[in-house]
Every structure is written in structure tokens, then in C-alpha cells.
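So the chains spell out like this:
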Amino acid sequence: MNRRDFSRQLLIAGGVLRLGEAASRIQPARQRLLADYGWRFLLGDPAGAESPSFDAESWRTLDLPHDWSIEGQRGPKEPMGGGGGFFPAGVGWYRRAFDAPAAWQGKRVAVEFEGVYMNAAVYVNGRELGMHPYGYTSFVHDLTPHLKPGAANLLAVRVDQSRHKNTRWYSGSGIYRHVWFHVTEPVHVAHWGISVTTPQVSAARAAVSIKIRLRNETGAPASVDVRTTILGPTGAAAGTAEAAATIQPGAATEVAQEAAVSRPALWTPEKPNLYMAVTRVISGGKEVDVVVTSFGIRSLEWSAEKGFLLNGKPVEMAGGCVHHDNGPLGAAAFDRAEERRVQLLKAAGFNAIRTAHNPPSPAFLDACDRLGMLVIDESFDCWAKGKNPQDYNVAFKEWWQHDTEAMVLRDRNHPSVVMWSIGNEIPERGNEDGARMARTMADYVRSLDPTRPVTSALNNVPQWNNTDAFFAALDVGGYNYNLDRHAEDHQRAPARIIACTESFLNQVFDYWQMVTEYPYIVGDFVWTALDYLGEAGIGRWYLQDLKPGAKELFMGSDSLYPWHGSDCGDLDICGFRKASSHYRNIIWDRGEKLYLGVRLPVPEGKEMHITRWGVWPVYPSWTWPGMEGKPLEVEIYSRFDRVRLYLDGKLIGEKPTTRAERFLASFKVPYAPGVLKAVGVRNGKPAGESVLRTAGEAVQLKLTADRVALNANGQDLSFVTVEVVDKGGLPRPDASHEVTFSLSGPGTIAAVGSANMFSEEPYQGTQRKLFNGKALVVVRTTRTAGAIRLTAGASGLKPATLAITSRPGSAILVV
């Protein structure tokens, strides 16, 4: 793991160790220090807030990551509008006082922001260091010229999220990812200065190529020896490499190393083996820098004839698009929340993610590396021509190279990243200017990393053939909802490799058929894998009276309040799987074999209306009070030859569920409380079953945590599912109680939420109404170890309690 990954692992693992406490114990050549704790924050824009003399004692104290928009009250007049989920925005200030040790004298000190949304102006001791417009790329400022070693210092950040509209989805506001201090010697490895690739890979041997960019920030030439040791997944040495160089004063140089690894443990989604390259820089007989870089040994091959080969074996990308928010937590990129998203998607059968439409957090990619998830890393949603007045188009001309470099250099050592995307549905996609810009940008990406293909997602160009020049600039053509054009395009451009970069939920069977049938189509990425905040109402369904001529409101419309998010994901905003997720897994044949659900019945006099990205809601429930005797439509998704449906042991019917039936069967069943059972049949014999039982009267609440042993680092999380059950413990899927939460011990309630995307309830607080029988509460640790107790109560129900342990762990240096 690289130093970033090492620090992040410690952050997940446990406690913190302040720099002052550790100064006598740890004197590494390079320090990476977490600066997330003890910030002062104000939502407002007072003059002079960057000055050390400014009085900020009345400001709120908080720890990062922080998203102030998720804390606010949504409203129909908020400037984000429907695209941003009707959340508040504005201008906010952050201030962080810190003591710089005297030992920093003569060192180089920089601050890294993993992500600030947006227009971040950074100051140290009242001096402005610069402004970073884009809210999704990491950036670094040199503090050295203005730092006061051995004295108090002040870091201040003004975040301007007041210019609207600037996004088509929920962005969040503030310093929503980690902040780090980097302390190095004047001769050191440049930031993001190491590239590790594996140009030759076989079962017997892998060639590892290491390129190291070195900086000399002294006034004299520096001669250095650079020594790299490769450590395998078990920690044993697997290879070594050395190089020497002389760096001129105030200059940078790159050295190249080659190493060989025998019998490498390859990185795949099924076995995500990780190696570490430990690079030491020696100058004047002294070790002046050490950088640890995580990487995976794997090969990538792409062709229209064979498709995508990973380590020489064909892989079909079973993918989904994912926005950056963490649901009820907003944009705040807690490491555990990022990891959980990847775990949930992996468990649902996905092996690939497209990071729509911006680079993700480092923690997200770290989780993809560890857990085994392929990634299309995407840069922008627009170029010079915007989709909103204040989106990236205002910064594109000046910043696109800088932000592209930030994405590629930061993320190039992640084995999970297998493709770069330079844009999504770019407005210039059908004209000569767009094709010219695509060539320029794709070539720039290749100059930074020639090992991965470059794509961009295109859709709905009136004259589709006009996209040929644009596609010719790419290595892989990204098709959003236009995969039906593939045969004609393949005939015209037979060397073109295609990825379906977006598809509708209801196209899963047809599109996956194309992926499996045509090798030049390397994968399908559904829009979306997870529900997300913003783009209000996309995928929604609703019941209404017949109104001929009624106009359909487009997703993200400012007229859709209180809708504030999507309903087009396979998983809802809390991470609970929908029926479409199970159907997709069965079509993909990635583990599940049988699913039993019931279509939501439509009341008399009403009509079901499903918008373009939506599907008919189906629930795993046989509890439908008030529907006795009325027909319900039962759906069965199956990888068996046939299915049989029983109600209370009586056969209702039997139907085939082969590929010809799209692995689906449906039955009309008059509702009667009891036991509904689907049986999968193979070769005439029962081979699997799925059962739904009618729940009894609601009796009590139930709390189920994903983890009950947490780490006292102030950032660990437990995601707790809230349900109502009957006396036998069976959930009531129709429960809609309002639940109140209380917590004791060294923790806080970080968020509450449900899958109800048209609720006006806040995501911060101690109450939440159940939706489809469920809610979610997120518990966050403090930096104190101890016992945490979460209690949930609701009128007429027995309360529930949950015990969580917050324990001390390995220390991480903080400043």
C-alpha cells in the first residue's frame, strides 16, 4: 500500500496520535499527517476570516469530512433546484489552528485536500495560496514559504458554493474529503510522483516498471540512490530495483527502475491481491524519503475481436454507474461509507463501476482495490460548453489539463482502475470542435498513462454518424442508451470497441444479451447501481387519476419538490436492494438463482405511471392488508428450467423460466394471508425455493447493525437497519411508524434516512419515519473508546436497543 493507503488503513483501524505526542518517538523521513480534526466552521462570508487575528471563537467546532448542505433544510426555492435536490448551498469558511513543530524548520510542508466542493480559496497565516475551482479533484498547496515552525499557525479555507446552477446532481458543499499535511526533506519524491506498471505478466513471471519523479528544493546539486523493494501480499520480499541520479538545484528529474516478480499473485475481482513497492531515497548517506506504493500485478488487453482480457482471460463488465454521495451522509466521504458502498455492490453481483461523472475519493478506489472492483474513472460532465451556467464550463479552458493530471497521477497506481473517461454526454460530441478536443484530451491522458484505454460516453446525437470522428479519438466508445446502434456501427467501424456506459433498468436482459453475444461490447453499466441525491425524480413512479394530455415533468425539474433524489438504482439510497437488483444478478448469473416478489397493486380508479428510468415496484412481501381476495401479480426471477408457485402448500401453477422467457415468470394470485412459496425445478426435480410469509401484528422494533465493533478514531461508522417485526420476528414491510433514536456513550448519530425520496424529513436528527418497513441510522464514533448504546422507540411498539463497542486501535499521526 502507498503511504496514503497506509495512513488510511490506520485511520480505519483505530486511534489517533498527535504529532506533539509522537515527536520524540517517530522521526520518519516523510510524514503524512491527518488534519481532519478540530476545525472551526461558519456558514457565511465575513470579511477578514482568513486572518489569524479574526475572532472565530463563536464558530462551530467540527471534524472532517463535512458537508454542510446535507445538514440544511431542503426547500423549493433553494438555488440548487431539482438538479441539486433542493438543498441549501452558500459560502462557508473553515479555520484550523495548529502548532508547527520546530523540527519542521528546513523541511518542505504541503497541505493536500482530497476534495472540496467548490471554488476553494486556501490561506495560511493570512496569505492566500490559491483557488481551486473544481469540486472533485484533489489538490496540493505548498505551505513552506509562509509557515512558522515552532509557533502557532492558521489554515483557512473559503468555500464558495453560491453560484448556481453548477451541477445536475447533488454535489454537497464544503471540505467533504480528508485533509493531509505532508512533511518532507528538501530532496524528496514529488507528490503523486511514483508510477508502477506491470508491462509483462504471466503465471511464471511479472515485469514491474517503476518510474519515480524526484525534486531537489535546495540550492545545490543532489546525488541520490533510489532503492525499491517489492513486498508481496503476505509481506515477504518479492523483488528489488535500484537507480541513481543527480538532481540539479530547484529542479526535478525522473528515474526508471525494473524489477521481476516470480510466480506473481495476480489481481482480479475474485482475488484482489495487492503488492507494495517501498521506495527509499538516499542522499549524502542519509535516508531522505520513503514512499510506499500499493499496486496490483495484472494485464489489460482490449480488442474488438476478443473484447476485454484481464490477465489473458475474457471478462464481461457487469457494471453500474455511481454518483459520489453516501446517501443520508450526503457527500461526506467517510472511509467506512465508501468501503460499504463497494461491499454492497459487490454483494449484489457487480464487478465494475463507472464513477459518474467525476473522479471519486481515494478511499473509494482503495476499497475497489482491496475488494476487487473494476473501475472506469471519469473526469468531467462537460467541457467548454456547459449544461448549467456555472458548471465546469467556466473553468474548463484554464483548468482541464490540471484536473486531468490530478485524476490520472493520483489514481494511476490503483489496479481497480482499468479505463479513463474524459467526459459524459459532452455537448460538443457531434461536431468537429468536439472531435478535435477529444483527440487533444485523450492524447494528454495517454501521455500521463499509456497503459489504460480512454473512453467518453456519448448519446442522442441527431446525426449519429457525425460521432465517428469523436469515437476515433477514443480507445473504447462509450454508448449511453444507444447500444441498439452497435451492429451498424460495427459494420462501419469494425475495430471499434464499445462499452454500454449507461442503460435503463428495464433494458438489463436485452443489453446483457448483446454483451455476451458480441465480444466488441465489453460491458454494460446501468444507470444507476445506487439511488442518489439530486436529479430529483429520475426513475420515479406514481399513482394518479387519468388526466389525458398531462405533461410529464423531466427529472431534475424545479417543479418536482419535495422529490430530492433518484429512484432508478438497483439499490436504494440506504443500500437496501430492490427487486431489480436481484433480477440483474440472476440475468448475469452471478450467484443468485431464485427471487420471489409481488408487484405493487394499483388501487381502483388509479393508474400507475412509470417514468423513463423507472420500473414497476416489486416487493418481497406477502403482507397486503385490505387486498384479501383481490388478484396480486407475483413475479419470479429464476435461473432454473421451471418454477412452481404454491400458496399454503397448494400448487398455483408451473411455468418455464429459461432464457426464452427472460428468466422471468408471473402469476395472478388472489391474495390470502399465508405462505407463498416459489420452487425452482431443474431436470424435473425441485432444486431451490424462496418463501414469503404474511406478517402478524406489529409488536416491536428491531435494530440490525452491519458492524458492532468499531474503532475510536472519530470517523468509524455503524450502519443500523431499523425494522418493525411481529411476535415471531417477521418484518412488517408495510410499517410506516415514526421512530425516535437516542444514543449514549462515546458516539453520535451521524445521519438518519429512508428510501423515501419525496419525504421532507431532514437527514440530520433523531427521528425518521419508516418507508416500506425500513429506515437507516448511522452511528459515528468519537476519539474516545467505550460502550455505545443506541435505542429506538415508536408509539405502540416495544423499543429496541443495540450495543456497539468503540475500541482503541493502531494510532495514526494527526496534526
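Read on for an overview of the structure.

**Description of the overall build of the protein chain**
The helix and strand inventory of the protein chain stands at eleven helices and 49 strands. Compactness check: the protein chain gives a C-alpha radius of gyration of 27 Å against a globular reference of 28 Å for 815 residues, within 12% of the reference. With respect to the principal axes defined by its C-alpha atoms, the protein chain has extents near 90 × 65 × 55 Å. A buried classification covers 60% of the 815 residues belonging to the protein chain. The contacts of the protein chain with a sequence gap of at least 6 include a subset with a gap of at least 24, amounting to 71%.

**Digging into the layout of surface pockets**
Counted as a void, the second largest pocket has a volume near 970 Å³. Together, 38 residues line the second largest pocket, and Ala-190, His-191, Trp-192, Gly-193 and Leu-409 are the ones closest to its centre. Counting only elements with at least two residues in the lining of the second largest pocket, the list comes to β6 (108-113), β8 (127-132), β9 (139-142), β11 (179-184), β12 (187-201), β13 (205-216), α6 (396-411) and α7 (432-448). Here the lining of the second largest pocket takes eight residues from β12, the largest share from any one element. The residue makeup of the lining of the second largest pocket, split by class, is 13 nonpolar, 14 polar and eleven charged.

**So, the pattern of salt bridges**
Any two side chains of opposite charge can pair, given that their charged atoms come close. Using the criterion set out here, one finds 49 salt bridges in the structure. One salt bridge connects Lys-286 with Glu-185, and the closest N-O pair in it is separated by 3.9 Å. Remark: Glu-185 occurs in the loop between β11 and β12 and Lys-286 occurs in strand β18 (residues 286-295); sequence separation between them is 101 residues. A relative accessible area of 45% places Lys-286 in the partly exposed class. Residue class for Glu-185 comes out buried when judged on its relative accessible area of 13%.

**Details of empty space enclosed by the protein**
Inspection of the entire model under this criterion finds five cavities of 30 Å³ or more. Considering only enclosed or pocket space, the second largest cavity measures out at about 170 Å³ in volume. Along the walls of the second largest cavity sit 20 residues, with Asp-325, Asn-326, Gly-327, Arg-341 and Ile-573 positioned nearest its centre. At the level of elements, α4 (335-347) and β46 (774-781) are the ones that each hand at least two residues to the lining of the second largest cavity. Ranked by residues supplied to the lining of the second largest cavity, first place goes to α4 with four residues. Grouping the constituent residues of the lining of the second largest cavity by class yields eleven nonpolar, four polar and five charged.

**So, the packing of α6 against α7**
Geometry of a packed helix pair, given as the angle between the helix axes and the separation of the axes. The interhelical angle for the contact between α6 and α7, taken along N-to-C directions, is 35°, at an axis separation of 10 Å. Remark: the crossing between α6 and α7 carries right-handed chirality. Contacts between α6 and α7 involve Phe-396, Trp-400, Gln-401, Thr-404, Glu-405, Val-408 and Leu-409 from the former and Met-437, Thr-440, Met-441, Tyr-444, Val-445 and Leu-448 from the latter. Across the contact of α6 with α7, the residue classes tally to nine nonpolar, three polar and one charged.

**Examining the packing of aromatic side chains**
Tallied over the full model, the rule gives 40 aromatic pairs. Taken together, Tyr-117, Tyr-134, Tyr-136, Trp-169, Phe-380, Trp-383, Tyr-392, Phe-396, Trp-400, Tyr-444 and Phe-470 form an aromatic cluster joined through their ring pairs. Here Lys-655 stacks its cationic end above the ring of Phe-667, 4.8 Å away from the centre of that ring.

**Re the packing of helix α10 (residues 508-517) against helix α11 (residues 579-588)**
Two elements in contact, α10 and α11, have axes separated by 10 Å at closest approach and are oriented at 25°. It follows that α10 is roughly parallel to α11 by the angle criterion. The way α10 lies across α11 gives a crossing that is right-handed. Here Val-508, Phe-509 and Trp-512 of α10 lie close against α11, whose contacting residues are Tyr-583, Arg-584, Ile-587 and Trp-588.

**Considering the pairing of strand β27 (residues 476-480)**
For β27, a buried count of five out of five residues is recorded, marking the element as mostly surrounded by other parts of the structure. Of the two faces of β27, both are covered, the one formed by Val-476, Gly-478 and Asn-480 as well as the one formed by Gly-477 and Tyr-479. Across four bridges, strand β26 (residues 454-458) lies against β27 in parallel orientation. Bridge pairing in β27 places Ser-456 opposite Gly-477. Sheet analysis places β27 next to strand β28 (residues 498-503), joined by four bridges and oriented parallel.

**Some points on the sheet that holds strand β21 (residues 313-314)**
The strands making up a sheet are joined through hydrogen bonds of the backbone, oriented either antiparallel or parallel. A sheet is described by the order of its strands in space; here three strands give the open sequence β19-β20-β21, paired in antiparallel fashion. Either end of the sheet is taken by a strand with one partner, and the two such strands are β19 (300-303) and β21. Pairing of strand β20 (residues 307-310) with β21, which is carried by two bridges, proceeds in the antiparallel orientation. By the bridge assignment, Leu-310 is partnered in β21 with Lys-313.

**Focus on α4**
Counted at 1.5 Å a residue, the expected span for α4 with its 13 residues is 18 Å, and the 18 Å between its end C-alpha atoms agrees. For α4, the full list of buried residues reads Asp-335, Arg-336, Ala-337, Glu-338, Glu-339, Arg-340, Arg-341, Val-342 and Leu-345. Just downstream of α4 lies Gly-349, where phi reads positive at about 110°.

**Overview of the nonpolar core**
One finds Leu-329, Leu-345, Trp-383, Tyr-392 and Ile-422 to be the most contacted residues of the largest nonpolar core, which totals 103 residues. By residue number, the principal contributor to this core is α7, which donates eight residues. Listed in part, the 30 residues of the second largest apolar core include Leu-62, Ala-100, Ala-120 and Ile-175.

**Quick notes on the sheet that holds strand β48 (residues 800-807)**
Strand order in the open sheet formed by five strands is β41-β48-β47-β43-β45, with mixed pairing between adjacent strands. Edge positions in the open sheet fall to β41 (709-711) and β45 (767-769), since each of these has one partner strand only. Neighbour-to-neighbour, the strand axes of this sheet turn through a mean angle of 30°, independent of strand direction. Relative to β48, β41 runs parallel, the two being bridged by three bridges. Residue pairing across strands places Asn-711 opposite Arg-807, the latter belonging to β48.

**With respect to unusual backbone geometry**
Cis geometry is found at the peptide bond from Leu-64 to Pro-65, where omega equals 0°. Within the element layout of this structure, Pro-65 appears in the loop between β4 (60-62) and α3 (68-71). The peptide bond linking Tyr-561 to Pro-562 adopts the cis configuration, its omega dihedral lying at 15°. Tracing the backbone shows Pro-562 in the loop between β30 (541-544) and α11. Even without glycine at this site, Asn-119 takes up a positive phi of about 50°. One can find Asn-119 in the loop between β6 and β7 (120-124). Within the chain, Glu-425 stands out as a residue other than glycine whose phi angle is a positive 45°. Tracing the chain through its elements places Glu-425 in the loop between β25 (417-424) and α7.

**Remarks on the side chain of Asn-585**
Note on placement: Asn-585 falls in helix α11. We classify Asn-585 as buried; its relative accessible area is 2%. A polar contact is formed between the side chain of Asn-585 and the backbone oxygen of Ala-348, at a distance of 2.9 Å. Dropping the residues within four chain positions of it, Asn-585 is found in contact with Ala-347, Ala-348, Gly-349, Arg-577, Arg-590, Gly-591 and Glu-592.

Rules behind the numbers
Residues numbered from 1 in each chain as written. Predicted model: local features only at pLDDT ≥ 70, side-chain atom pairs only at ≥ 80, totals over all residues. Heavy atoms only, no water. Helix = DSSP H or I, 4+ residues; strand = E, 2+ residues; numbered from the N terminus. Rg over C-alpha atoms; globule rule 2.2 N^0.38 Å. Buried < 20%, exposed > 50% of the residue type's maximum accessible area, 1.4 Å probe, protein only. Contact = heavy atoms within 4.5 Å. 1 Å grid on protein atoms, 1.4 Å probe; cavity = no way out; pocket = protein on both sides within 12 Å on 5 of 7 lines; lining within 4 Å. Points joined across faces, edges and corners; volume = space filled by probe spheres on them. Nonpolar A, V, L, I, M, F, W, Y, C, P; charged D, E, K, R; others polar. Salt bridge = Lys/Arg side-chain N within 4 Å of Asp/Glu carboxyl O. Axes fitted to C-alpha atoms, helices over the stretch in contact; angles between N-to-C directions. Left-handed = near helix turned anticlockwise from the far one by under 90°. Phe/Tyr/Trp six-rings, centres within 6.5 Å; stacked < 30°, edge-to-face > 60°. Lys NZ or Arg CZ within 6 Å of the ring centre and 35° of its normal. Parallel < 35°, antiparallel > 145°, perpendicular 65-115°, else oblique. Pairing = 2+ DSSP bridges. Expected span 1.5 Å × (residues − 1). Core = buried A, V, L, I, M, F, W, Y, C linked by side-chain atoms within 4.5 Å. Polar contact = N/O pair within 3.5 Å; in protein donor to acceptor, adjacent residues only side chain to side chain.

That's the geometry; what it means functionally is another story.
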